[in-house]
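Each chain, letter by letter, is given below.
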Amino acid sequence: MAFTAFDNDLPARIKEQADIVQIIGESVELKKAGVRFLGCCPFHNEKTPSFSVHPGQQFFHCFGCGASGDVFEFQMKYHNMDFPTAMKELARRYQIEIPEKPMSPQEQEKRRKRKLMYTVNEKVVEIWKECLHTSGMAADARKYLEKRAIPLSVQKQFGLGYAPSPDIAGWDYLGSRLRGEEHQAAIDLGLLVKKEKGGTYDRFRDRVLFPIYDRQGKVLGFGGRIIGDGQPKYMNSPESMIFNKSASLLGLYQQGDEIRRRKQAILVEGNFDLVSLVVHGCPNVVAPLGTALTAQQLKMLQSYAEECVLLFDGDTAGVKAAIRSVPLFLSEEFAGKVALLPKGHDPDTFIREKGLAPLEDLIANAMPLPEFTMQQLVEEHGLTLDGKGRIIKALQPLLKAAKSSLQRSIMLSHFSETIGVPVSDLSAAMVSVRHEAPPPPSPVPVQQKKQASEHMAPLTQSQKRIITHVILYPDSLPELEKAGIRSCLGGTIGEVLLLQLGALLQKSETVSPEDLLDHLPQGGERLFVSDILLNSSAASTGLSCLGTKGEIIELLSWLERDNLLRASQTLMKQILASVAENDSDKRDTYLLEKMKVDQQLQDLRKKNIHLDE
């Protein structure tokens, strides 16, 4: 009897037993901070840890890049797995038996057909590879690859093959090598085409073939470049049960590790542009399959890279293709840039003629897509009254695609400065842009608040006061950070709130407490901030001079005292340890340092710090 892969309760049972700290800790160095664990995010470059793992609530969240999710999401994002694969891997690790249920006849047949399609594609790869490398019919194809300076090692890396010309091999070269169910599967895959009077003929003829792989290395379909005369120059497999070209990227399987290592993806338009860049030392490159960039393709790249650079021809078509992609990048909140090649060049001709260094310079100076778009619009329409009107109209899709109010505000501010239109007027002119306000947060039941508070690391009254101040007055964070606020709040939810505030302030000079609340995941931190906002009057917080210069001075003095207290405690431990080790030199050194610290503490106490301990 055939079975489905898993039952509906399995994900919950696996998540309940899986140790998210253990799983993530195998790839990320984590240190305990209160009830959470902190480390440097594996999905973007950072020196100060902002990646938080919460074992109680079984989720991770990065306050730098925004990556978040449960143990399944981490496995999928970090190890490039689909959901069923991630689930099966975790079930295996935690010795959870997968209770399978019977499949319907329709499900059995669909599964069998998909498996057969993958098998046939793999067989076809070998047929065409053998033809390219050993057959006399492929002499012109080998000369073509030699002319384009594609060495044998790279040909094999990408699994290149050759479908021979019908003038030499006939119209049924591939079809004659497949029998029975494999022959029918090749028809379903579009590799063979049915004739009206019966029989089939090969779809791909006289073409160098590129297998198109998924992220696990299965062959989904093919893309072929014609060698001789004829149209179209490039041809892809038609879509099938296993192939969707809008959700596939050529080269991602081969180059994914380099893209992840460099945190950057270079996107080119042509198959040979991609291969040529790899040959000449630019390995973090992918290509769509003859179509405009899609949201699915960007989502795939986001699991590998922090940014994507579009390396396009400098002609009108290249400019328009770059501009068309802007709304996609904005809606996915993915950093996109564009580097236009000199006119008359494509990536292949440019790197072969100029070399790697000029290409790297071009990429390093790539322009952010929104700024590039504005520059192109100004060049096209000018800054006359009529031109500005056309520019504003062209900007509407970009503002509509922006995913957050903060993102829209930043764009409005930047665009208004460029075209000399006040932000308020530009905002009012976007009449066709409609954004619904987010629904107000649902009231949190008392029991849920109680459960959440039990998961929060305890804060002293002084710590509560200082984090309350920072939440209500985020502009004070840089000054308080210099004074050591993060050390003071280490191991508490206050540290996590500081991480999120810091991330928001990096993106915008102005951050409100409501912005912080919008970006917090469900949990103790969100409840803590909600309570502060609901009770933010001076009477309820106990702050008589909240937000004033005097308040800042008082908090800075308290932080200085807190740092000295912790230094004194550390020195005391070192003194005791040196006594136990019978090391009098170390003991005397630590004693002198502690005396200095304690004297500074006495001096500070005279300033009469009014924060409770």
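Residues numbered from 1 in each chain as written. Predicted model: local features only at pLDDT ≥ 70, side-chain atom pairs only at ≥ 80, totals over all residues. Heavy atoms only, no water.

### What to know about the overall build of the protein chain
What counts is decided by this rule: Numbering of helices and strands starts at the N terminus; helices are DSSP runs of H or I of at least 4 residues and strands are runs of E of at least 2. Any two residues whose heavy atoms approach within 4.5 Å are treated as being in contact. Here, Shrake-Rupley sampling with a 1.4 Å probe gives the accessible areas, and only protein chains in the shown set may cover a residue.
Helix and strand counts for the protein chain stand at 29 helices and 16 strands. The contacts of the protein chain with a sequence gap of at least 6 include a subset with a gap of at least 24, amounting to 66%. For the protein chain, the computed accessible surface area is about 30900 Å², with 51% contributed by carbon and sulfur atoms.

### Thoughts on the sheet that holds strand β16 (residues 367-368)
To keep things clear, this is the line we draw: For two strands to be treated as a pair, DSSP must find no fewer than two bridges joining them. Note on geometry: axes are C-alpha line fits, over the in-contact stretch for helices, and angles between N-to-C directions span 0 to 180 degrees.
Read across the open sheet, the 5 strands follow the order β13-β12-β14-β15-β16; overall the sheet is mixed. Only two strands of the sheet have a single neighbouring strand rather than two, namely β13 (285-286) and β16. Inspection of the sheet shows strand β12 (residues 264-267) paired to β13 by 2 bridges, in the parallel sense. Considered in β13, the bridge of I266 is made with V285. Taken strand by strand, helix α13 (residues 316-332) contacts β14 (307-312) and β15 (335-340), and its axis lies near 160° from that of β14.

### Here we look at unusual backbone geometry
Let me state the cut-off plainly: Working definition: with a 1.4 Å probe on protein chains only, accessible area under 20% of the residue-type maximum means buried, over 50% means exposed, and in between means partly exposed.
Residues Q231 and P232 are joined by a peptide bond in cis, for which omega reads -5°. Among the structural elements, P232 can be located in the loop between β10 (219-226) and β11 (234-236). Phi at Q95 takes a positive value of approximately 50°, unusual for a residue other than glycine. Mapped onto the secondary structure, Q95 falls in the loop between α4 (83-93) and α5 (105-134). Its identity is not glycine, yet K263 carries a phi of approximately 60°, on the positive side. With respect to the element layout, K263 can be found in the loop between α10 (252-262) and β12. Classification of K263 by relative accessible area gives buried; the value is 11%.

### Re helix α21 (residues 461-472)
Convention followed: A helix is expected to reach a length of 1.5 Å times the quantity of its residues less one.
With 12 residues, α21 extends 16 Å from end C-alpha to end C-alpha; this agrees with the ideal 16 Å at 1.5 Å per step. By the criterion of burial, α21 is predominantly enclosed, with 10 of the 12 residues buried. Every buried residue belonging to α21 is among S462, Q463, R465, I466, I467, T468, H469, V470, I471 and L472, and all of these are buried.

### Thoughts on the pattern of salt bridges
Stated precisely, the cut-off is as follows: Salt bridge, as applied in this entry: a Lys or Arg side-chain nitrogen positioned within 4 Å of an Asp or Glu carboxyl oxygen.
The final tally for this structure, using the stated rule, is 18 salt bridges. R112 serves as the salt-bridge partner of E109, at 2.8 Å between the closest nitrogen and oxygen. Taken together, the residues E109 and R112, both in helix α5 and 3 residues apart, mark about one turn of the helix. Of the charged contacts, one joins D588 and R587 as a salt bridge, the two residues approaching to 3.0 Å between their closest N and O atoms. Residues participating in the shared-partner salt-bridge network are E109, R112 and E181.

### Looking at the confidence of the model for the protein chain
Where we set the bar: pLDDT measures how confident the predictor is about each residue, on a scale from 0 to 100.
Per-residue confidence for the protein chain averages 82 on the pLDDT scale, and 87% of its residues sit at or above 70. Element-level mean pLDDT values for the protein chain span from 34 in helix α27 (residues 538-541) up to 97 in strand β6 (residues 161-163). Of the regions scoring below 50 in pLDDT, residues 1-6 engages in 23 contacts with residues more than four places distant in sequence or in other chains.

### Section: the side chain of R225
Definition in use: Charge counting treats Lys and Arg as positive and Asp and Glu as negative, with His and both chain ends excluded. Here a polar contact is recorded for every N or O atom pair within 3.5 Å, except that within protein the pair must consist of a potential hydrogen donor and a potential acceptor, and residues adjacent in sequence are included only if both atoms are side-chain atoms.
Assignment of secondary structure puts R225 in strand β10. Despite its burial, R225 pairs with no opposite charge, the nearest such side chain being D346 at 8.4 Å. A distance of 3.2 Å separates a polar atom in the side chain of R225 from a polar atom in the side chain of Y144. If sequence neighbours within four positions are ignored, R225 has contacts with Y144, R148, D206, R207, V208, K233, Y234 and F272.

### With respect to the pairing of β10
Counting buried residues in β10 gives 8 out of 8 residues, a clear majority hidden from the surface. Here strand β9 (residues 207-213) runs beside β10; their pairing, made up of 7 bridges, is antiparallel. Bridged to Y213 within β10 is V219. Taken together, β9 and the strand that follows it, β10, pair antiparallel across an intervening segment of 5 residues, in which G217 is found at a positive phi of about 95°.

### Concerning the environment of T373
Secondary-structure assignment places T373 in helix α16 (residues 369-381). Judged by its relative accessible area of 2%, T373 is buried. In this structure T373 touches I323, V326 and L398, once residues within four positions along its chain are discounted.

### Details of the packing of α5 against helix α6 (residues 139-147)
Defined as follows: The cut-offs work like this: below 35 degrees is roughly parallel, past 145 is roughly antiparallel, 65 to 115 is roughly perpendicular, and the gaps in between are oblique. We call Asp, Glu, Lys and Arg charged. Ala, Val, Leu, Ile, Met, Phe, Trp, Tyr, Cys and Pro are nonpolar, and the rest, Gly among them, are polar.
Two elements in contact, α5 and α6, have axes whose closest approach is 7 Å; the angle formed by their N-to-C orientations is 80°. For the element pair α5 / α6, the angle class is roughly perpendicular. Between α5, through C131, L132, H133 and T134, and α6, the contact on the second element is made entirely by A141, R142 and L145. Looking at the contact of α5 with α6 residue by residue, the classes come out as 4 nonpolar, 2 polar and 1 charged.

### What to know about the packing of aromatic side chains
Counted only if it meets this: Under the pairing criterion, centres of Phe, Tyr and Trp rings, with the six-membered ring standing for Trp, must be within 6.5 Å; the plane angle then separates stacked pairs below 30 degrees from edge-to-face pairs above 60, leaving the rest tilted. For a Lys NZ or an Arg CZ to count as sitting over a ring, it must be within 6 Å of the ring centre and within 35 degrees of the ring normal.
Scanning all chains against the criterion turns up 15 aromatic pairs. Arranged with centres 5.3 Å apart and planes meeting at 5°, the rings of F74 and Y78 form a pair that is stacked. Here F74 and its partner Y78 are both found in helix α3 (residues 71-79), 4 residues apart, which amounts to about one turn of the helix. A residue is classified by how much of its surface remains accessible, and F74, at 0% relative accessible area, is buried. Accessibility expressed as a relative area gives 23% for Y78, which makes it partly exposed. Members of the aromatic cluster, each reached through a chain of ring pairs, are F43, F51, F60, F74 and Y78. Above the plane of the ring of Y304 lies R260, whose end atom (NZ or CZ) is 5.2 Å from the centre.

### Notes on the side chain of K594
On the secondary structure map, K594 appears in helix α29 (residues 584-605). Within polar-contact distance, the side chain of K594 engages the side chain of S568 at 3.3 Å. For K594, the contacting residues outside a window of four places in its chain are S568, L571, M572 and I575.

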